Amino acid sequence: MVKFIVPAEIEQLDKVLSFIDGMLDKSECSVKSKLQIDVAVEEIFVNIASYAYGNQKGNAEIEYQLNDNSAVITFTDSGEKYNPLERDEPDVTLSADEREIGGLGILMVRKSMDDIKYSYENGKNILTIYKSI
Amino acid sequence: MNIEKIINGTELTLIFEGRLDTNTSKQAEESIKDSIEGIQNITMDFGKLVYVSSAGLRVILSVQKKMNAVGGELVITNVNDVIMEVFEITGFSDMLTIK
């Protein structure tokens, strides 16, 4: 298990992706799974950086584990309590003029990852994604 | 991320190379905005694009809306498997013209 702690700021996104890509490369992840995981990590991290702490500063902890050929990535923040899985899925049948972008990120995560879990413990939001590699 | 532009009358072809994500989407949007005046048909060639996140989808959606507003067309070509899956998951494949 490896943990990476960064300020929850969008400027840190590249560092987060480098960390994850490094772990995935060591685990010999397929190119396709790696791209899918990158998208999921980006969507989740950007949401934390944009919303978790409001105008305050805070950290995000990203933990990587390999369990039986599955990448398990956990995001922890001490920001506002928020479960992204409770949000309604966007209506993907609307036309371009009616569509909005909100909610697409988490939708992409849900559909491309094998599993996703959320819990709130000791004042922390904990979101875990699972993807076989 | 690189965008090569080819302007032919009212047709604009954009050849993307790299990733269209949180970091590069702003640059992409500015670049497209600079060339979109008077354009009726846009082709986005994704042959060298490896990755799209929701920030990238935002840019694509905004271009689609602009083309709808002028009665023009947006076509996306040479989409790889991973990006095609993103389009399908998000319903963008039904909303965009993909060839």
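Above this text sits the structure in question.
We now turn to the structure provided with this report.

Scoring rules and cut-offs
- Residues numbered from 1 in each chain as written.
- Chains lettered and ligands numbered in written order.
- Predicted model: local features only at pLDDT ≥ 70, side-chain atom pairs only at ≥ 80, totals over all residues.
- Heavy atoms only, no water.
- Helix = DSSP H or I, 4+ residues; strand = E, 2+ residues; numbered from the N terminus.
- Rg over C-alpha atoms; globule rule 2.2 N^0.38 Å.
- Buried < 20%, exposed > 50% of the residue type's maximum accessible area, 1.4 Å probe, protein only.
- Areas by Shrake-Rupley, 256 points an atom, 1.4 Å probe, with all protein chains shown as cover.
- Lys, Arg positive; Asp, Glu negative; His and termini not counted.
- Charge placed at Lys NZ, Arg CZ, Asp CG, Glu CD.
- Pairing = 2+ DSSP bridges.
- Contact = heavy atoms within 4.5 Å.
- Axes fitted to C-alpha atoms, helices over the stretch in contact; angles between N-to-C directions.
- Buried area = accessible area lost by both parts, 1.4 Å probe.
- Salt bridge = Lys/Arg side-chain N within 4 Å of Asp/Glu carboxyl O.
- Nonpolar A, V, L, I, M, F, W, Y, C, P; charged D, E, K, R; others polar.

Glancing now at the overall build of chain A. Scanning chain A from terminus to terminus reveals 3 helices and 5 strands. The N-to-C order of helical and strand elements in chain A reads β-α-α-β-β-α-β-β. The C-alpha atoms of chain A give 15 Å as radius of gyration, which agrees with the globular expectation for 133 residues (14 Å, within 12%). Taken over the C-alpha atoms alone, chain A extends approximately 45 × 35 × 25 Å along its principal axes. A total of 133 residues make up chain A; the buried ones form 50% of that total. Just so you have it, chain A exposes about 6,900 Å², and 45% of that area is on carbon and sulfur atoms. Separation of charge centres in chain A, based on 14 positive and 24 negative side chains, amounts to 3 Å.

Turning next to the sheet that holds strand β5 (residues 97–98) of chain B. Neighbouring strands of a sheet are bound in pairs by backbone hydrogen bonds; such pairs are parallel or else antiparallel. Taken together, 5 strands build an open sheet; the order of strands is β1-β2-β3-β4-β5 (chain B) and the sheet is mixed. Looking at the sheet topology across the chains shown, the edges are occupied by β1 (2–8) and β5 of chain B. Against the sheet, helix α2 (residues 31–52) of chain A makes contact with β2 (11–20) and β3 (41–52) of chain B, and its axis sits at roughly 100° relative to β3 of chain B, the strand it touches most. Docked against the sheet, helix α2 (residues 54–69) of chain B engages β2, β3 and β4 (73–77) of chain B, running at close to 175° with respect to β3 of chain B.

Moving on, we come to the interface of chain B and chain A. With 23 residues of chain B at the contact, the number on the chain A side is 26 residues. Roughly 2,100 Å² is buried in total at the junction of chain B and chain A, and carbon and sulfur atoms are behind 60% of that figure. Of all residues in chain B, the largest losses of buried area upon contact with chain A belong to Y51, V82 and I89 of chain B, amounting jointly to 25% of the total for that side. At the boundary of chain B with chain A, the tally comes to 2 salt bridges. Between E85 of chain B and K32 of chain A there is a salt bridge whose closest N-O contact spans 2.8 Å. Those elements that provide at least two residues to the side of chain B that touches chain A are β3, α2, α3 (81–89) and α4 (92–95) of chain B. Counting residues per element, the side of chain B that touches chain A draws most heavily on α2 of chain B, which supplies 7 residues. When its residues are assigned to classes, the side of chain B that touches chain A shows 10 nonpolar, 8 polar and 5 charged.

Keep in mind these values describe shape, not function.
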